[in-house]
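# Descriptive structure summary
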Amino acid sequence: WRSTDGGATWALVTTGLLVGPLTAQGFSEGSDGSVMIVEYTNSNTPTSHCIRSTDDGVTWAPVLSVLNHHMHSITYDPFEQKHVIFADDTTGGVPPEIYASADDGATWAKIGDVTTVDHPNFVAPCYFANYVAWASDNQINGRISRIPRADFYAGNFDAAETVAQLSQRVAYATFPIRPDVWAIAFNGEHIVSPLQTGGPG
């Protein structure tokens, strides 16, 4: 749904929206005025999409489609001026994937596969000047990790390091307070992990 009068009235958008019902997990804007939405799940297909609009949300077209994954989020790294998508496995048989775009979402390139629990697994990472940091979504609850920025974009995920274990809860949201200060919100959810014992968060 789209509003052009400050939210007083709304019109349904249908042009270019692929299939439904769509569960959108993230929304991001490009510096060129484009807007992007990623699908967390879609009941009609095993493929999730990033769809993009260049006319202020009137029409949409897919720019990235990933089979057997759901897209956890689309975020923007202001230091690299890149958008980042984390696509998690929905089948248990393929690794999660991380994609990046340097042209406001027009094209995407996979920067790496997440093949171990120590690799980046996030909904929303924290973008610092020298590091990309995250709270683990469903690998080890409450764990904070980071990786040097150059290694992250090179797909060298083995360079990640664990820096803290804060809780038994799953982290979904991060909030930039200042360029060097981020806040992380933990959910009440506890996702069972074979590497972590303990009761619900």
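As shown above, the structure is provided for reference.
All figures in this text were calculated on a predicted structure; none of them were measured in a lab. (Residues numbered from 1 in each chain as written. Predicted model: local features only at pLDDT ≥ 70, side-chain atom pairs only at ≥ 80, totals over all residues. Heavy atoms only, no water.)

## Considerations on the nonpolar core
Keep this limit in mind: Remark: nonpolar core denotes a set of buried residues (Ala, Val, Leu, Ile, Met, Phe, Trp, Tyr, Cys) joined through side-chain atoms within 4.5 Å. Under the scheme applied here, a residue whose accessible area is under 20% of the maximum for its type counts as buried, over 50% as exposed, and between as partly exposed, the area being computed with a 1.4 Å probe on protein chains only. Secondary structure elements are defined from DSSP: runs of H or I of at least 4 residues count as helices, runs of E of at least 2 residues count as strands, and each element is numbered from the N terminus. Whether two residues touch is decided by their heavy atoms; if any such pair falls within 4.5 Å, the residues are in contact.
Counting residues in each nonpolar core, the largest one holds 15 residues, and the members touching the most others are Ile-98 and Phe-152. Contributions of two or more residues to this core are made by β6 (82–89), β7 (97–101), β10 (131–135) and α1 (149–153). The contact partners of Phe-152, leaving out residues within four places of it in the chain, are Val-84, Ile-98, Ile-111, Pro-120, Phe-122, Val-132, Ile-147 and Phe-157. Counting eleven residues, the second largest nonpolar core, distinct from the first, contains Val-38, Ile-74, Ile-85 and Ala-87.

## Comments concerning unusual backbone geometry
Despite not being glycine, Asn-68 shows a phi value in the positive range, around 60°. Among the secondary structure elements, Asn-68 is positioned in the loop between β4 (61–67) and β5 (69–77). Owing to a relative accessible area of 23%, Asn-68 belongs among the partly exposed residues under this scheme. Notably, Gln-81 is not glycine yet its phi reads approximately 55°, a positive angle. Position of Gln-81 among the secondary structure elements: in the loop between β5 and β6. Taking the relative accessible area as the measure of exposure, Gln-81 reaches 55% and is therefore exposed.

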